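# Chain and residue survey
Spelled out, the chains give:
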Amino acid sequence: MAQVSLQGITRQFGNVTAIKDITFDIPDREFWVLVGPSGCGKSTILRTIAGLESISSGNLYIGDRLVNNVPARQRDVAMVFQNYALYPHMSVAENLAFGLKMRGEDKSGIARRVQEVARSLDIEHLLKRKPKQLSGGQQQRVALGRAIARKPLVFLLDEPLSNLDAQLRDDTRAELKQLHQKVGITTVYVTHDQVEAMTLADKVVVLYDGQIQQIGSPQAIYVHPINSMVAGFLGNPPMNILPVTYDDGRLIIFNNQFIQLNSKVLQQLQPSQGQKFDLGIRPEHITLYDVATGNDNKDCLLLQVNLVEPLGRETLVKATAPESNLSLNLLADGTWRGKKGDRISLKFDLSKIFIFDSNNGNTLIPSNHGSN
């Protein structure tokens, strides 16, 4: 096993910079997830670690070894691709053994290792089958097994669950977590799915436009996002981020509807009259009232239901402000029976709001700042 260290890694394609000044250290045996929207550079980072992309500048270490100019086949890393890349003419057993044969290991050792890996992944009964005879989930296990069989220093996974249906993806995600706890290989995992990032990672690296936005534990990043990009990306449903204007102790949201700021926030923010900000509030921190009830509550906002999505235990409600393009996501109880066109009243948990700089998106006021 080995630590992976990226020091100022930049990768350029002509005049296009795919990743810029990427720096982080993944400790031995940890599971790190690279996450971000399409085109943010996460797969480029993974391919750079694998040796499939060259480095324009910076240094990459696997363990104590500088590998900038080391070919991919000599880096002792194993990569699982989105399409699994199994050899169709080989049986499952032959696929699992392929990397070991290429290393020149003896037949008895290969057979023993194949059985060990197959047993750990519960695919012993599939060893004689060809890939075309397997389900998507079974193919994914074989691809993982082929990588694990080699006992690599580093395990690289590029969106390995994206081809699976929703239920199988959930099941396989849990299996991946258990597998990593068992084998303890340093793992770098790429996904655009923030649920995978939150559930699998020891640490999450959030990327945007080829640069690191934030690194931290899933919960720390969720609770304390460094900017509005991170805040809006992590969370399902995503955080509501609304443009607001400061006016005499209040933040005007739309149509002269506002929330009152507490003294502690005002002291931290020190806003000027008419100053623009972005306000963030997660759907779970918004309370929905009937209009008649809500009008009796301070700082309630009046909106109109635009879409209702029953989710079982909860109901996702999308609401818009009259005569405005602004919309909010909120979560109601699963028994809520509102419909499109209904007028509703909302109240924010003022201890859970974020305030972001409207120019650069940086977090100015985090949540949990108190409501007095």
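Check the entry above for the structure.
In this report, we go over the structure that sits alongside the text. Keep in mind it's a predicted model, so treat the numbers as computed, not measured. (Residues numbered from 1 in each chain as written. Predicted model: local features only at pLDDT ≥ 70, side-chain atom pairs only at ≥ 80, totals over all residues. Heavy atoms only, no water.)

### Points about the sheet that holds strand β1 (residues 4-13)
- The sheet built from four strands is open, its strands ordered β2-β1-β4-β5 with antiparallel pairing. Taken across any chain shown, the strands that pair with only one partner, and hence form the sheet edges, are β2 (16-26) and β5 (65-66).
- Looking at chain direction, β1 and strand β4 (residues 57-62) are connected through five bridges and run antiparallel. Opposite Gln7, over in β4, you have Asn59 as the bridge partner.
- Packed on one face of the sheet, helix α1 (residues 42-50) meets β1, β2 and β4 and runs near 65° to β2. (Pairing = 2+ DSSP bridges. Helix = DSSP H or I, 4+ residues; strand = E, 2+ residues; numbered from the N terminus. Contact = heavy atoms within 4.5 Å. Axes fitted to C-alpha atoms, helices over the stretch in contact; angles between N-to-C directions.)

### Focus on the nonpolar core
- Counting 44 residues, the largest nonpolar core has Val92, Leu96, Ile123, Phe155, Tyr189 and Val206 as its most contacted members.
- Looking at which element gives the most residues to this core, the answer is helix α4 (residues 136-149), with six residues.
- Not counting residues within four places of it along the chain, the set of residues in contact with Ile123 comprises Val92, Leu96, Ala118, Arg141 and Val142.
- Judged by nonpolar contacts, the second largest core, of 33 residues, contains Leu242, Val244, Leu301 and Leu350. (Core = buried A, V, L, I, M, F, W, Y, C linked by side-chain atoms within 4.5 Å. Buried < 20%, exposed > 50% of the residue type's maximum accessible area, 1.4 Å probe, protein only.)

### With respect to the packing of aromatic side chains
- Going through the model one piece at a time under the given rule, you end up with four aromatic pairs.
- Centre to centre, the rings of Phe31 and Tyr189 are 5.7 Å apart; their planes meet at 40°, and the pair counts as tilted. One end of the pair, Phe31, is in strand β3 (residues 31-35); the other, Tyr189, is in strand β8 (residues 186-191), with 158 residues separating them in the sequence.
- Both rings, one in Phe354 and one in Phe356, keep their centres 5.8 Å apart while their planes meet at 0°; by these two values the pair is stacked. Residues Phe354 and Phe356 agree in their burial class; the two are buried.
- Seen from the ring of Phe13, Arg11 lies directly overhead, with NZ or CZ sitting 4.1 Å from the centre.
- Sitting above the plane of the Phe258 ring, Arg250 keeps its charged end 4.3 Å from the centroid. (Phe/Tyr/Trp six-rings, centres within 6.5 Å; stacked < 30°, edge-to-face > 60°. Lys NZ or Arg CZ within 6 Å of the ring centre and 35° of its normal.)

### With respect to the packing of helix α2 (residues 92-102) against α4
- Running from N to C, α2 and α4 cross one another at 30°; their axes reach a closest spacing of 7 Å. In this view, α2 runs roughly parallel relative to α4, as classed from their interaxial angle. Considering the relative orientation of α2 and α4, their crossing is right-handed. Note on element contacts: α4 touches α2 through Val142, Gly145, Arg146 and Ala149, opposite Val92, Asn95, Leu96 and Leu100. (Parallel < 35°, antiparallel > 145°, perpendicular 65-115°, else oblique. Left-handed = near helix turned anticlockwise from the far one by under 90°.)

### So, the environment of Ser272
- Within the secondary structure, Ser272 is located in the loop between α9 (263-269) and β14 (276-281).
- A sequence separation of 79 residues divides Ser272 from Asp193, and the C-alpha atoms of the two residues are 39 Å apart.

### Structural notes on the pairing of β4
- With two bridges joining them, β4 and β5 adopt antiparallel strand pairing. Note on β5: the bridge partner recorded for Tyr61 is Leu66.
- Taking the residues between adjacent antiparallel strands as the criterion, β4 and β5 are bridged by two residues, where Gly63 takes a positive phi near 65°.

### With respect to α4
- Along its 14 residues, α4 runs 20 Å from first to last C-alpha, staying within 8% of the 20 Å computed at 1.5 Å per residue.
- Within α4, 10 of the 14 residues are buried, which leaves the element mostly enclosed by the surrounding structure.
- At its buried positions, α4 is contacted by β6 (77-80), α2, α3 (107-120), β7 (154-158) and α5 (166-183).
- Two residues or fewer after α4 comes Lys151, characterised by a positive phi angle close to 50°. (Expected span 1.5 Å × (residues − 1).)

### Some words on empty space enclosed by the protein
- If you walk through the whole model with that rule in mind, you get one cavity of 30 Å³ or more.
- In this structure, the largest cavity encloses a volume near 60 Å³.
- For the largest cavity, the full set of lining residues is Phe31, Ile148, Phe155, Leu157, Leu176, Leu179, His180, Val183, Ile185 and Thr187.
- Elements with a contribution of two residues or more to the lining of the largest cavity: β7 and α5.
- Per-element accounting of the lining of the largest cavity gives the leading share, four residues, to α5.
- Of the residues contributing to the lining of the largest cavity, the split by class is eight nonpolar, two polar and no charged. (1 Å grid on protein atoms, 1.4 Å probe; cavity = no way out; pocket = protein on both sides within 12 Å on 5 of 7 lines; lining within 4 Å. Points joined across faces, edges and corners; volume = space filled by probe spheres on them. Nonpolar A, V, L, I, M, F, W, Y, C, P; charged D, E, K, R; others polar.)

### Remarks on the layout of surface pockets
- Empty space within the largest pocket amounts to approximately 600 Å³.
- Around the largest pocket sit 21 residues that line it, and Arg73, Val77, Ala78, Met79 and Arg150 are the ones nearest its centre.
- Those elements giving two or more residues to the lining of the largest pocket turn out to be β6, α2 and α4.
- Counting residues per element, the lining of the largest pocket draws most heavily on β6, which supplies four residues.
- The residue makeup of the lining of the largest pocket, split by class, is 14 nonpolar, one polar and six charged.
- Taken together, Ser120, Leu121, Gln140, Arg141, Leu144, Thr172, Glu175, Leu176, Gln178, Leu179 and Lys182 make up the lining of the second largest pocket.
- Looking at the lining of the second largest pocket, the elements that each hand over two or more residues are α4 and α5.
- Looking at which element gives the most residues to the lining of the second largest pocket, the answer is α5, with six residues.
- Its residues assigned to classes, the lining of the second largest pocket comprises four nonpolar, four polar and three charged.

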